[in-house]
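These are the residues of each chain, in order.
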Amino acid sequence: MIRNLYIHTCRNPLFQETLGLKPHVLVLNKMDLADLKEQQKIIQHLEGEGLKNVVFTNCLQDENVKQIIPTVTGLVGSSCRYHRGESLEYCAMVIGIPNVGKSSLINALRRQHLRKGKATRVGGEPGITRAVMSRIQVCERPLMFLLDTPGVLAPRIESVEMGLKLALCGTVLDHLVGEETLADYLLYTLNRHQLFGYVRHYGLGGACDDIASVLKQVAVRLGKTQKVKVLTGTGDVNVIQPNYPAAARDFLQTFRRGLLGPVMLDRDVLQRSPVAEP
Ligand SMILES: Nc1nc2c(ncn2[C@@H]2O[C@H](COP(=O)(O)OP(=O)(O)O)[C@@H](O)[C@H]2O)c(=O)[nH]1
Ligand SMILES: [Mg+2]
């Protein structure tokens, strides 16, 4: 099971239903993009949800990827339900919503344990892994295979805000939500968390909570403007029109690349968490 750290959803009964009693590891990937100052609180919160085996990873830099196989073998070994008999093979399934890095994790495991390259396609657009592929070997000793899946778990969207968080992380196609709506939510989030990396990144005059004004400045900054002729009673006037959609797209992509700084989108969830209290 794999989830982006910063899209950590509330108790998701789907996980329980889907996984049932099978041993499982929760991989919180893209740790490079997450603000992990409150890592302990995150772990406590997850434990409160009954999720114990948590590994934070960065599959681009192979950070902590080596912890996964020992965790899996430890869990299977200690699970009395799994009388493995003579079988020395492990077969595990990687599940999670689109774009959290399931395929990247498989490739990272292969790099770490087999010194092999890509076996499964990675893509930034949700839905690139379309068909369930055959099992892919990720380790020799112990012999372990993983099944990549095309996001078999649909995001369980409990509220508009959670939907926006998921969309910010690129787990649904942007145009379904609207890039400018998403950019607005991103700006609101950054300001609320007092993360002003965007002001520095785009060289803005200061923090601002008006998305139209921010996108206008971003568009000018990026040269994403066009001249249009406006006919007035006294003659034609040339006006510069900012390309708002292009500015919104750049704002979102810049955030997703981590260039606006690490963010913990679920800070509010953590603060509401009863287990976070001392
Ligand atoms: N910053 C960052 N990006 C990642 C990481 N792992 C995967 N990605 C990127 O996330 C996108 C989706 O990855 P992919 O493996 O296709 O996700 P899947 O849909 O769950 O299989 C790709 O652009 C990856 O390069 C990570 O640890 N950090
Ligand atoms: Mg995939």
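Residues numbered from 1 in each chain as written. Chains lettered and ligands numbered in written order. Predicted model: local features only at pLDDT ≥ 70, side-chain atom pairs only at ≥ 80, totals over all residues. Heavy atoms only, no water.

Caption draft 1: Main features of the packing of aromatic side chains. A complete count under the given rule lists three aromatic pairs for this structure. With a centroid separation of 6.3 Å and 65 degrees between ring planes, the pair formed by tyrosine 198 and phenylalanine 251 is classed as edge-to-face. Pair noted here: tyrosine 198 is in helix α8 (residues 197-202) and phenylalanine 251 is in helix α10 (residues 244-256), with a separation of 53 residues, a long-range link. Given a relative accessible area of 0%, tyrosine 198 falls into the buried group. Note on tyrosine 202 and phenylalanine 251: the rings are 6.3 Å apart at their centroids and 65 degrees apart in plane angle, and the pair reads as edge-to-face. Here phenylalanine 251 lies in helix α10 and tyrosine 202 lies in helix α8, a separation of 49 residues in the sequence. In this pair, the class of tyrosine 202 matches that of phenylalanine 251, namely buried. A connected cluster of aromatic rings, assembled from ring pairs, spans Tyr198, Tyr202 and Phe251. The ring of phenylalanine 145 has arginine 135 lying over it, and the distance from NZ or CZ to the ring centre is 3.8 Å. (Phe/Tyr/Trp six-rings, centres within 6.5 Å; stacked < 30°, edge-to-face > 60°. Helix = DSSP H or I, 4+ residues; strand = E, 2+ residues; numbered from the N terminus. Buried < 20%, exposed > 50% of the residue type's maximum accessible area, 1.4 Å probe, protein only. Lys NZ or Arg CZ within 6 Å of the ring centre and 35° of its normal.)

Caption draft 2: Expanded view of the pairing of strand β5 (residues 136-139). Where β5 and strand β6 (residues 143-147) come together, three bridges link them in antiparallel fashion. Among the inter-strand pairings, cysteine 139 is bridged to a residue of β6, identified as methionine 144. (Pairing = 2+ DSSP bridges.)

Caption draft 3: Representation of the site of ligand 1 within the structure. Around ligand 1 sit 18 residues in total, of which Asp32, Cys59, Asn99, Lys102 and Ser104 are the nearest. Between an oxygen atom of ligand 1 and a main-chain N or O atom of cysteine 59, the distance comes to 2.7 Å. Measuring from an oxygen atom of ligand 1, one finds a side-chain N or O atom of serine 103 at 2.9 Å. Protein chains bury 87% of the 590 Å² of accessible surface belonging to ligand 1 in isolation. In terms of residues, the shell around ligand 1 owes the most to one element, helix α4 (residues 102-113), which gives three residues. A breakdown of the residues in the shell around ligand 1 according to their chemical character gives six nonpolar, nine polar and three charged. (Near = heavy atom within 4 Å. Polar contact = N/O pair within 3.5 Å; in protein donor to acceptor, adjacent residues only side chain to side chain. Areas by Shrake-Rupley, 256 points an atom, 1.4 Å probe, with all protein chains shown as cover. Nonpolar A, V, L, I, M, F, W, Y, C, P; charged D, E, K, R; others polar.)

Caption draft 4: Spotlight on the confidence of the model for the protein chain. Chain-level statistics for the protein chain give a pLDDT mean of 83 and a share of 79% at 70 or above. Within the model, pLDDT remains below 50 along residues 1-11, and this stretch shows 71 contacts once partners closer than five positions in the same chain are excluded. (pLDDT = per-residue confidence, 0-100. Contact = heavy atoms within 4.5 Å.)

Caption draft 5: The sheet that holds strand β4 (residues 89-93), seen in detail. Pairing within the open sheet is mixed, and its three strands lie in the order β4-β6-β5. In this open sheet, the two edge strands, each paired with only one partner strand, are β4 and β5. Neighbouring strand axes in the sheet, compared pairwise and without regard to direction, differ in orientation by 35 degrees on average. Lying over the sheet, helix α3 (residues 68-78) contacts β4, β5 and β6, oriented at roughly 100 degrees with respect to β6. Sitting on the sheet, α4 is in contact with β5 and β6, with an inclination near 45 degrees to β5. (Axes fitted to C-alpha atoms, helices over the stretch in contact; angles between N-to-C directions.)

Caption draft 6: The arrangement of α10 in detail. If you check α10, its first and last C-alpha atoms are 18 Å apart, about what 13 residues at 1.5 Å a residue would give, namely 18 Å. Ala246, Ala247, Ala248, Phe251, Leu252, Thr254 and Phe255 are the residues of α10 that are buried. Packing partners of the buried residues in α10 comprise α5 (160-168), α6 (174-177), α7 (179-192), α8 and α9 (211-222). The backbone nitrogen of alanine 246 has a side-chain oxygen 3.2 Å away, supplied by the residue at the start of α10, namely asparagine 243. Looking one or two residues past α10, glycine 258 carries a phi angle of roughly 85 degrees, positive in sign. (Expected span 1.5 Å × (residues − 1).)

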